[in-house]
Amino acid sequence: MLLFTCPNCGPRNETEFHYGGQAHVAYPPQPEKLSDREWAEYLFYRHNTKGLFAERWVHSTGCRKWFNMVRDTVSYEIQAVYGVGEAAPEGLSAPPAAQAKSQPLAPAEAGPTTASEGA
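This one's a predicted model, so the numbers in the text were calculated from it and none came from an experiment.

K.L.:
Got a minute to help me understand the sheet that holds strand S3 (residues 18–22) in this structure?
P.N.:
The strands that make up a sheet are held in pairs by hydrogen bonds between backbone atoms, and each pair lies either parallel or antiparallel. Read from one edge of the open sheet, four strands run S3-S4-S5-S6, paired in antiparallel fashion. Edge positions in the sheet fall to S3 and strand S6 (78–83), since each has one partner strand and no second. Shown here is a sheet whose adjacent strand axes are inclined to one another by a mean of 30°, direction ignored.

Dropping the structure here:
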């Protein structure tokens with residue numbers, strides 16, 4: 001069992017929290033101009049980092065507020081907890097998704113499915 005420190009409520013059991021995905025994913029500046037492929041990459045493609053990773057969490061059974069956490073995905077050790085909109089502490093942040101280039105969809109995944117394929 002892990003002990004998470006909520007920035008508003010203090011240390012609490014991990015069962016009070018829910019994972020919200022990768023932190024620092026920037027919303028596209030002109031979303032109306034994105035293709036279906038670009039939308040898919042924005043919505044579903046995230047880094048699968050081994051080591052330090054910036055994540056979003058919500059204290060769902062407590063204050064219900066969102067916060068960011070830098071956690072080591074190998075050891076589960078929590079390196080930092082900080083508010084949404086704040087930068088990760090120096091030297092602890094994983095590269096933000098906004099700066100990293102996502103992988104393109106594979107050709108088999110990019111094409112539409114047909115009724116015979118079980119879409």
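K.L.:
What exactly am I supposed to notice about the pattern of salt bridges here?
P.N.:
Tallied over the full model, the rule gives two salt bridges. Across the pair Arg-12 and Glu-16 runs a salt bridge whose closest N-O atoms are separated by 4.0 Å. Across the pair Glu-55 and Arg-71 runs a salt bridge whose closest N-O atoms are separated by 2.6 Å. Highlighted residues: Glu-55 in strand S4 (residues 52–58) and Arg-71 in strand S5 (residues 66–72), separated in sequence by 16 residues. Arg-71 carries the same exposure label as Glu-55, and that label is buried.

K.L.:
Can you help me understand the environment of Gly-20 in this one?
P.N.:
Note on placement: Gly-20 falls in strand S3. Judged by relative accessible area, Gly-20 falls into the partly exposed class, the value being 28%. In sequence terms Gly-20 and Trp-66 are 46 residues apart; their C-alpha atoms lie 8.6 Å from each other.

K.L.:
Explanation requested: the packing of aromatic side chains in the structure shown.
P.N.:
Working definition: an aromatic ring pair is given by the centre-to-centre distance plus the angle between the planes. Scanning all chains against the criterion turns up seven aromatic pairs. Judged by centre distance (4.9 Å) and plane angle (75°), the ring pair of Phe-4 and Trp-57 falls under edge-to-face. With Phe-4 in strand S1 (residues 3–6) and Trp-57 in strand S4, this residue pair connects regions lying 53 residues apart in the sequence. Given the relative accessible area of 10%, Trp-57 is considered buried. Between Trp-39 and Tyr-42, the aromatic rings sit 5.6 Å apart at their centres with planes inclined by 70°, giving edge-to-face as the arrangement. A residue pair is termed a helical-turn pair when its members lie 3 or 4 positions apart in one helix, as Trp-39 and Tyr-42 do in helix H1 (residues 36–44) at three residues. A network of ring pairs unites the aromatic residues Phe-4, Phe-17, Tyr-19, Trp-57 and Phe-67 as a single cluster. In this structure, Arg-46 packs its charged tip against the face of Tyr-42, placed 5.8 Å from the ring centre. If you follow Arg-56 out to its NZ or CZ, it ends over the ring of Trp-66, 4.4 Å from the centre.

Conventions used here
Residues numbered from 1 in each chain as written. Predicted model: local features only at pLDDT ≥ 70, side-chain atom pairs only at ≥ 80, totals over all residues. Heavy atoms only, no water. Pairing = 2+ DSSP bridges. Helix = DSSP H or I, 4+ residues; strand = E, 2+ residues; numbered from the N terminus. Axes fitted to C-alpha atoms, helices over the stretch in contact; angles between N-to-C directions. Salt bridge = Lys/Arg side-chain N within 4 Å of Asp/Glu carboxyl O. Buried < 20%, exposed > 50% of the residue type's maximum accessible area, 1.4 Å probe, protein only. Phe/Tyr/Trp six-rings, centres within 6.5 Å; stacked < 30°, edge-to-face > 60°. Lys NZ or Arg CZ within 6 Å of the ring centre and 35° of its normal.

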